[in-house]
Amino acid sequence: MIAQTASPESLLARPLVTLRSDIHVPIMPTSSFTSASSAVPCPVVESLDAILPEEPLLMMGAGPVPIPAAVAKANTIVINHLGGTMVKVIGQVKTMARYVFQTKSKWVLGVAGPGSAAMEMAISNLAWEGTRVLSIKNGFFSERMAEMGRRVGARVSTLEVDDGTVASLEQVAEAIRRERPEIVTVVQGETSNTVWNYHLKDIAALAKAAGALVIVDAVCTLSTMPLEMDAWGIDAVITGGQKGLSSIPGVSLIAFSDAAWARVKGRTAPNAHWCLDASLAENFWHNAGYHYTAPVSGVLALHEALRLVCAETLEKRFARHLKCSLALQEGIAALGLHLYAPQACRLNSVVGIEVPHGLSPADICGHISRHHQVEISGSFGLPIVRIGQMGEQCREHNLFRTLHALGRTMLDLGATVDLPAGVAALEKSLSGGARHLK
Ligand SMILES: *Cc1c(COP(=O)(O)O)cnc(C)c1O
């Protein structure tokens with residue numbers, strides 16, 4: 001690229017050397033690109049070995065989460081993005097995804113991009129100029145759906161929900177009566193403030209009864225807790241790879257109901273987002289054709305992540321997540337720390353912990369990472385740290401290491417915690433002891 005700064009005209013203006021009488025080659029001064037003062041010099045950088053920690057960090061934050069060996073292995077493979085092998089892989093990804101979404105809908109698609117790209121695929125295909133959207137806003141991620149709606153020109157109204165609570169069914173019914181939405185957006189688990197929208201099924205029923213389509217963000221919850229797309233009447237479910245599914249970040253999944261797909265197909269103006277246009281994505285995900293070059297390695301990784309979900313079964317996977325998350329919560333409470341979300345609407349997939357007086361989330365996350373090689377998360381300005389309980393994070397050995405590292409970190413930073421009591425409570429809960437959660 002660097003050598004191509006001269007225009008064809010300026011090349012022709014250079015002296016020509018004659019090789020054969022019929023071939024004329026312009027003479028390029030050999031020093032032309034290295035000596036120009038505007039040239040970008042070849043950089044010296046460190047290798048990844050020098051940058052990455054010697055011991056990999058245990059990823060116990062709000063995502064990305066650790067990946068199983070089969071997922072990591074699949075992610076090293078590159079195959080043709082079109083052709084028989086890929087068609088078979090895509091077919092199985094859709095079949096397994098239907099199980100995980102609990103839908104018989106044909107309209108399952110993958111997305112090259114983060115969970116937010118799947119979110120934008122849902123919003124930008126179903127909403128456009130003037131579409132009435134009601135967005136139930138519990139926090140940072142549910143607000144993102146509202147923002148995406150505004151950006152495609154939809155008339156978005158938000159139902160603002162206080163931190164630490166969920167929207168009541170009365171509030172939702174009232175907002176639906178007032179706004180007469182064509183689309184309702186709602187998050188199953190609001191990862192930012194660790195609130196679980198336990199009314200999801202009833203909210204979907206209210207919206208459906210009013211003739212609205214329901215879009216659900218299940219990025220952090222899918223495959224960690226029940227979500228039944230068909231039985232609950234949900235019209236679009238979105239998820240990312242790097243959370244509940246324990247795949248890599250950057251390849252996501254979406255499912256549309258038949259009603260949602262009919263709206264996608266019936267729109268008159270095309271989606272302004274070419275990459276996220278569901279009708280174009282249908283070429284690749286349903287017709288073995290070309291849309292854009294699929295992230296093949298990531299799709300293979302997702303295939304393996306889904307295969308492991310199917311091998312475990314949803315029932316056992318939900319039970320593992322519940323058991324591990326409750327045990328972690330009991331351990332944290334027994335340390336003497338406070339869980340952020342009230343028990344009634346507490347999300348199990350991501351656990352929020354109040355930061356003790358005098359400490360900051362950054363102090364805690366920095367210390368636990370540097371001294372214990374355990375990575376946990378802060379949360380967009382809230383006075384909490386968050387520990388994930390998604391996919392591979394829900395393993396007993398990871399819980400012990402994380403709880404111990406958290407307790408040690410608190411002691412090192414001068415907070416008072418009862419570390420032996422915390423670890424004992426974790427063990428007791430995992431081995432089936434009584435629960436005393438507040
Ligand atoms: C993480 C998350 C997102 C965003 O996912 P990205 O992959 O970061 O785009 C959206 N919604 C929820 C509930 C999440 O937890």
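Residues numbered from 1 in each chain as written. Predicted model: local features only at pLDDT ≥ 70, side-chain atom pairs only at ≥ 80, totals over all residues. Heavy atoms only, no water.

Here we come to the overall build of the chain. Looking only at helices and strands, one finds 16 helices and 15 strands in the chain. Seen along its three principal axes, the alpha-carbon backbone of the chain occupies a region of about 95 × 55 × 40 Å. The buried share of the chain, taken over its 438 residues, is 51%. Taking contacts inside the chain between residues at least 6 apart in sequence as the whole, the part at least 24 apart equals 72%. If you sum the accessible surface of the chain, you get close to 20100 Å²; carbon and sulfur atoms cover 58% of it. Averaging the positions of the 37 positive and the 38 negative side-chain charges in the chain gives two centres separated by 5 Å. (Helix = DSSP H or I, 4+ residues; strand = E, 2+ residues; numbered from the N terminus. Buried < 20%, exposed > 50% of the residue type's maximum accessible area, 1.4 Å probe, protein only. Contact = heavy atoms within 4.5 Å. Areas by Shrake-Rupley, 256 points an atom, 1.4 Å probe, with all protein chains shown as cover. Lys, Arg positive; Asp, Glu negative; His and termini not counted. Charge placed at Lys NZ, Arg CZ, Asp CG, Glu CD.)

A few words now on the site of the ligand. The ligand sits among 14 residues. The nearest are Ser116, Thr191, Asp217, Gln242 and Lys243. Asp217 is positioned such that a nitrogen or oxygen atom in its side chain is 2.5 Å from a nitrogen atom of the ligand. Within the side chain of Lys243, an N or O atom sits 2.7 Å from an oxygen atom of the ligand. Protein contacts shield 90% of the accessible area of the ligand, which totals 380 Å² for the unbound molecule. Of all the elements in the fold, those that place two or more residues in the shell around the ligand are helix 6 (115-126) and helix 7 (140-151). Here the shell around the ligand gets three residues from one element, more than from any other, and that element is helix 6. Of the residues contributing to the shell around the ligand, the split by class is six nonpolar, five polar and three charged. (Near = heavy atom within 4 Å. Polar contact = N/O pair within 3.5 Å; in protein donor to acceptor, adjacent residues only side chain to side chain. Nonpolar A, V, L, I, M, F, W, Y, C, P; charged D, E, K, R; others polar.)

With that settled, the discussion passes to unusual backbone geometry. The residue after Gly63, namely Pro64, is reached through a cis peptide bond having omega 0 degrees. Structurally, Pro64 is set in the loop between strand 3 (58-59) and helix 4 (69-74). Its identity as a non-glycine residue notwithstanding, Ser223 has a phi of 75 degrees, on the positive side. Within the secondary structure layout, Ser223 lies in the loop between strand 10 (213-217) and strand 11 (236-239). For Ser223, a relative accessible area of 2% translates into the label buried. We note that Ala288 has phi near 55 degrees; this positive angle belongs to a residue other than glycine. Checked against the element boundaries, Ala288 lands in the loop between helix 11 (278-287) and helix 12 (296-312). According to the relative accessible area criterion, Ala288 is partly exposed, its value standing at 49%.

Relative orientation of the contacting elements helix 14 (residues 361-372) and helix 15 (residues 396-412) amounts to 115 degrees, with a least axis distance of 9 Å. Seen along the crossing, helix 14 lies across helix 15 with a hand that is right-handed. Facing Ile364, His367, Ile368 and His372 of helix 14, the residues of helix 15 in contact are Arg401, Thr402, Ala405, Leu406, Arg408, Thr409, Met410 and Asp412. Of the residues that constitute the contact of helix 14 with helix 15, the class distribution is five nonpolar, four polar and three charged. (Axes fitted to C-alpha atoms, helices over the stretch in contact; angles between N-to-C directions. Left-handed = near helix turned anticlockwise from the far one by under 90°.)

With that settled, consider the confidence of the model for the chain. With 91% of its residues at a pLDDT of 70 or more, the chain has an overall mean of 93. The low-confidence segment residues 1-21, where pLDDT is below 50, has 22 contacts with residues more than four positions distant or belonging to other chains. (pLDDT = per-residue confidence, 0-100.)

Within this structure, the stated rule accounts for 16 salt bridges. The residue Arg132 makes a salt bridge to Glu182 at a minimum N-O spacing of 3.9 Å. In this pair, Arg132 sits in strand 5 (residues 132-137) while Glu182 sits in the loop between helix 8 (169-179) and strand 7 (183-187), placing the two residues 50 residues apart along the sequence. Note that Lys265 is salt-bridged to Glu282, the shortest N-O span being 2.7 Å. Separated by 17 residues along the polypeptide, Lys265 in helix 10 (residues 258-266) and Glu282 in helix 11 bring together distant segments of the chain. (Salt bridge = Lys/Arg side-chain N within 4 Å of Asp/Glu carboxyl O.)

Turning to the pairing of strand 10, a few remarks are in order. Burial of strand 10 is extensive: five of the five residues sit out of reach of the surface. Bridge analysis of strand 7 against strand 10 gives five bridges, and the strand direction is parallel. Bridge pairing in strand 10 links Val186 to Val216. Sheet topology places strand 10 next to strand 11; three bridges connect them, and they run parallel. Residue pairing across strands places Asp217 opposite Ile238, the latter belonging to strand 11. (Pairing = 2+ DSSP bridges.)

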